[in-house]
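Listed below, chain by chain, are the residues.
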Amino acid sequence: MKRRILLRGALAAGLAGPGLAALTHTRHELDAALSADHSTTDVGFWASTAERHSFGYSGQTPVDVLSSLLDDFADLRRSLSRAQTVQNRTALCHATGQMAGMAAIVLHDLGQHREAHRWFGTAARAAEQSGDRLLYAWVTAREAMVPLNYGAPEAAAQLAEKARHLAGEVPSAAGALAAAVASRAYAVTGDRDRALTSVAETETLAGRLSPQQRADTWFGYPMQKHFVHTSQALTVLGETERAYQAQARALELSRAPSLMTRALIAIDRASCRAQDGEPVEAARLAAEAYGGLPDTYRTGLTRTRTRALHRSLPPGTPGVDRLADALSTSV
């Protein structure tokens, strides 16, 4: 408990000082453990631990989720460093790939894209050692969202296509996610035909998933997540009517504590309003969505999307000053 309190304090203080040092030290220890020569350990415990973390934020702040993951990594690293049977080591690598991937997701959401890439690298290495191609595909598809959301859509498209190849032809949550990310990446690069084709392919894949593959976890591809991705792709493409429909469905399926998801959908809706010639309403919606977030959520992805919308609005638009004020007071 004391260790978790110290980690949370370091992370809350910021990811440029003690928090970043804690992250880097933990990641280096995991990499070293993955490289060690590796009679038994409680692999079931680590499988259940990864599953427990997989349900996302569930009303917790990103910093709290990240500190909890880092706390568990300290024990997981020790298990990896001990001599293991091949079967147990494979299972531990699987749990490491899942948990490192989840840490990378949180770092991405916090705007720490360089550190997110590093953690995805650790996750990919662990996933590859586990022999689970779908986990490797999931890590790769998730990593593609980092360059997608932070200014490198062509790199995102390449990673998404790699993930699709890893996932193979059989419908899977990882394959559906990869197709969804590809649709968004192609939309941002201006490749309209490939973007729309990927949207249609994602729709087909989503409809063929089993209930387990549609589980509302970071490893599943639930329909709520599907409509969030579809909304973003169609918003960028200027397909506003279809985007509004996707946004409505995403909101219907979003759990109440999903503050970040709801804010991102609202920002998509504001972008659609701007494209439809309603900049005043766009400014109002964005200021309300972003300004209403707790400070811990007004960073990273939500801030990046809101700033992009703010830059697209004509100077002097009524309400744009309120949006600028919300951005200027962000953490």
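Everything that follows concerns the structure shown earlier in this document.
Everything quoted here is computed from the prediction, not taken from an experiment. (Residues numbered from 1 in each chain as written. Predicted model: local features only at pLDDT ≥ 70, side-chain atom pairs only at ≥ 80, totals over all residues. Heavy atoms only, no water.)

**Student:** An account of the layout of surface pockets is requested, with residue identities and associated values reported.
**Tutor:** Reported here for the largest pocket is a volume of approximately 710 Å³. Forming the walls of the largest pocket are 34 residues, and the residues nearest its centre are Tyr 57, Trp 218, Lys 225, Ser 258 and Thr 261. Of all the elements in the fold, those that place two or more residues in the lining of the largest pocket are helix 5 (86-109), helix 7 (133-149), helix 11 (223-237), helix 13 (259-275) and helix 15 (301-312). When residues in the lining of the largest pocket are grouped by element, the largest group, five residues, is from helix 11. In terms of residue class, the lining of the largest pocket is made up of 14 nonpolar, 13 polar and seven charged. Roughly 590 Å³ of internal volume is contained in the second largest pocket. Elements with a contribution of two residues or more to the lining of the second largest pocket: helix 3 (43-53), helix 5, helix 7 and helix 9 (173-189). (1 Å grid on protein atoms, 1.4 Å probe; cavity = no way out; pocket = protein on both sides within 12 Å on 5 of 7 lines; lining within 4 Å. Points joined across faces, edges and corners; volume = space filled by probe spheres on them. Helix = DSSP H or I, 4+ residues; strand = E, 2+ residues; numbered from the N terminus. Nonpolar A, V, L, I, M, F, W, Y, C, P; charged D, E, K, R; others polar.)

**Student:** Help me get a handle on the side chain of His 229, residues and values and all.
**Tutor:** Following the sequence through the fold, His 229 ends up in helix 11. Judged by relative accessible area, which is 4%, His 229 ranks as buried. Beyond its immediate stretch of four places on either side in the chain, His 229 contacts Met 145, Leu 177, Ala 180, Arg 184 and Tyr 221. (Buried < 20%, exposed > 50% of the residue type's maximum accessible area, 1.4 Å probe, protein only. Contact = heavy atoms within 4.5 Å.)

**Student:** Describe helix 4 (residues 62-81), naming the residues involved and giving the relevant values.
**Tutor:** With 20 residues, helix 4 ought to run about 28 Å at 1.5 Å a step, and its terminal C-alpha atoms sit 28 Å apart, in line with that. The sharpest bend along helix 4 comes to roughly 25°, located at Ala 74. Of all 20 residues that make up helix 4, 16 are buried, and the element is covered over most of its length. (Expected span 1.5 Å × (residues − 1). Bend = angle between axes of the 7 residues up to and from the residue.)

**Student:** Tell me about the packing of helix 3 against helix 5, residues and numbers included.
**Tutor:** At a minimum axis distance of 9 Å, the contact between helix 3 and helix 5 shows a crossing angle of 20°. On the basis of the axis angle, helix 3 is roughly parallel to helix 5. Relative to helix 5, helix 3 is oriented so that their crossing is left-handed. Contact residues: helix 3 offers Val 43, Trp 46, Thr 49, Ala 50 and His 53, while helix 5 offers Asn 88, Ala 91, Leu 92, Ala 95, Gln 98, Met 99 and Met 102. (Axes fitted to C-alpha atoms, helices over the stretch in contact; angles between N-to-C directions. Parallel < 35°, antiparallel > 145°, perpendicular 65-115°, else oblique. Left-handed = near helix turned anticlockwise from the far one by under 90°.)

**Student:** Talk me through helix 5; I want residue IDs and the actual numbers.
**Tutor:** Its 24 residues place the ends of helix 5 35 Å apart at the C-alpha level, agreeing with the 34 Å of an ideal helix rising 1.5 Å per residue. Helix 5 sits mainly inside the fold: 19 of its 24 residues count as buried. Just beyond helix 5, the residue with positive phi is Gly 111, at close to 90°.

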